[in-house]
Amino acid sequence: MKKIKILLTVALLTIVASATLFADEKKVKNASIFDPVRTDSGIVVRRAATCFVCGGPMVIKTDWGSYNFLKEVDCVHKPFGTDIVYQRKGEKYYQCPSCLTKRAISDVTSQKTVCHGYY
């Protein structure tokens, strides 16, 4: 009985795995930011976002500002003292290396903690 259960489980997993391999691409949602392009040979090629001015590929870049004081908290690393938390803001954007056209994506933030604790 145990061998039958194992064989049925293996068969079921094989069917599920093969179903995902042969799934229709139109029905599978693409979570990537890159658009799929089908070539004449049927190969799907993923391409980067294209520049709306010159048609070249766009790369993702981030410009960061300087760190500013955000808050002071009790030190978690050492028994005495405090930690200082700094925050900086930045802008994430696409940029075309050919014509230097920019297209903003979003604003981003980053934090760092500097330990001022002691024993």
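What you see is a predicted model; the values in this text were computed from it and never measured.

S.K.: Sorry, what's going on with the overall build of the protein chain here?
M.R.: When helices and strands are counted, the protein chain shows one helix and six strands. Its helices and strands in sequence order give the protein chain the pattern α-β-β-β-β-β-β, from N to C terminus. A buried classification covers 14% of the 119 residues belonging to the protein chain. For the protein chain, restricting intrachain contacts to residue pairs at least 6 apart in sequence, the fraction spanning at least 24 positions comes to 50%.

S.K.: It is not clear to me how the confidence of the model for the protein chain should be interpreted in this structure. Could you clarify?
M.R.: Low pLDDT marks stretches whose predicted atomic positions should not be read closely. With 73% of its residues at a pLDDT of 70 or more, the protein chain shows a mean pLDDT of 79. The low-confidence segment residues 24-34, where pLDDT is below 50, has 11 contacts with residues more than four positions distant or belonging to other chains.

S.K.: Help me out: how do you make sense of the environment of Thr113 in this one?
M.R.: As for its placement among the helices and strands, Thr113 is situated in strand β6 (residues 102-118). Assessed through its relative accessible area of 49%, Thr113 is described here as partly exposed. For Thr113 and Asp83, which are 30 residues apart along the polypeptide, the C-alpha to C-alpha distance reads 6.4 Å. Residue contacts for Thr113: discarding those within four places in its chain leaves Asp83, Ile84 and Val85.

S.K.: Just checking my understanding: could you explain the packing of aromatic side chains for this structure?
M.R.: Two descriptors summarise a pair of aromatic rings, namely the distance from one centre to the other and the angle between the planes of the rings. Taken as a whole and judged by the stated rule, the model has one aromatic pair. When the ring centre of Tyr93 is taken as reference, the NZ or CZ atom of Lys102 above it lies at 4.8 Å. Directly above the ring of Tyr67 sits Lys112, whose terminal nitrogen or CZ lies 4.5 Å from the centroid.

S.K.: Would you explain the pairing of strand β4 (residues 68-74) in this entry?
M.R.: Remark: a regular strand shows side chains that alternate across the two faces of the sheet. Pairing of β4 with strand β5 (residues 80-95) involves six bridges; the strand directions are antiparallel. Paired with Glu72 across the bridge in β5 is Ile84. Following β4, the chain reverses through five residues before pairing antiparallel with β5.

S.K.: Got a minute to help me understand the environment of Lys92 in this structure?
M.R.: Within the secondary structure layout, Lys92 lies in strand β5. For Lys92, a relative accessible area of 30% gives the class partly exposed. Considering only alpha carbons, one finds Lys92 and Ser106, 14 residues apart in sequence, at a separation of 5.4 Å. Leave out the neighbours within four places in its chain, and Lys92 touches Ile60, Lys61, Thr62, Ala104, Ile105, Ser106 and Val108.

What counts and how
Residues numbered from 1 in each chain as written. Predicted model: local features only at pLDDT ≥ 70, side-chain atom pairs only at ≥ 80, totals over all residues. Heavy atoms only, no water. Helix = DSSP H or I, 4+ residues; strand = E, 2+ residues; numbered from the N terminus. Buried < 20%, exposed > 50% of the residue type's maximum accessible area, 1.4 Å probe, protein only. Contact = heavy atoms within 4.5 Å. pLDDT = per-residue confidence, 0-100. Phe/Tyr/Trp six-rings, centres within 6.5 Å; stacked < 30°, edge-to-face > 60°. Lys NZ or Arg CZ within 6 Å of the ring centre and 35° of its normal. Pairing = 2+ DSSP bridges.

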